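Summary of the model geometry
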Amino acid sequence: MKPYTRRVNYYETDRMQIVHHTNYIRYFEEARMDFMKQIGCDVKTMESMGLIIPNVDAYAKYIVSLKFDDVFRVYVKAAKFTGVRMKFEYEIRFGEKNTLSCEGYTTHCFVNRDYKPVSVKHSHPDIYKKLFEAAKN
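Residues numbered from 1 in each chain as written. Predicted model: local features only at pLDDT ≥ 70, side-chain atom pairs only at ≥ 80, totals over all residues. Heavy atoms only, no water.

1. Quick notes on unusual backbone geometry
One non-glycine residue, Gln17, lies in positive phi territory at about 65°. Mapped onto the elements, Gln17 comes out in the loop between strand S1 (4-7) and helix H1 (22-38). In this structure Gln17 comes out as partly exposed when scored by relative accessible area, which is 36%. Even without glycine at this site, Asn98 takes up a positive phi of about 60°. As for its placement among the helices and strands, Asn98 is situated in the loop between strand S4 (85-94) and strand S5 (99-109). A residue is classified by how much of its surface remains accessible, and Asn98, at 30% relative accessible area, is partly exposed. (Helix = DSSP H or I, 4+ residues; strand = E, 2+ residues; numbered from the N terminus. Buried < 20%, exposed > 50% of the residue type's maximum accessible area, 1.4 Å probe, protein only.)

2. Some words on the layout of surface pockets
By volume, the largest pocket is sized at about 180 Å³. Counting residues per element, the ones that place at least two in the lining of the largest pocket are H1, helix H2 (43-48) and S5. Looking at the lining of the largest pocket, the element that brings in the most residues is H1, giving six residues. (1 Å grid on protein atoms, 1.4 Å probe; cavity = no way out; pocket = protein on both sides within 12 Å on 5 of 7 lines; lining within 4 Å. Points joined across faces, edges and corners; volume = space filled by probe spheres on them.)

3. As for the pattern of salt bridges
Applying the stated criterion across every chain, the model contains seven salt bridges. Across the pair Arg6 and Glu12 runs a salt bridge whose closest N-O atoms are separated by 2.4 Å. A salt bridge links Arg93 to Glu91; the shortest N-O distance between them is 2.9 Å. Its relative accessible area of 29% is what places Glu91 among the partly exposed residues. (Salt bridge = Lys/Arg side-chain N within 4 Å of Asp/Glu carboxyl O.)

Now the structure itself:
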């Protein structure tokens, strides 16, 4: 998988030009959307099919701060998939030395349009196969 790459915008920083801590969770989400597209599970398409993936928790450990104009990469791993829940792990790295800036995870469940839990294996077997393969690798 290609890591998600982008540059820190000025508005994402504080007066010291350090990225505000809440933006790391946003970076996780941006990278997760990109990851899902790469494996053939575009989130917008899935939602149009009635499969919604809300976030049920998020964790970030901050190690070295990103600053304005830093180019960074977010590495996403599908760490666990049960067919009803999915956990993604993230590493944000930057610079020539590939410095670890932040690591963390998010957990998601799968629900239908009525926000009732669904088993992806039964409701969307084609998507299940792609997610299963991503988590296996």
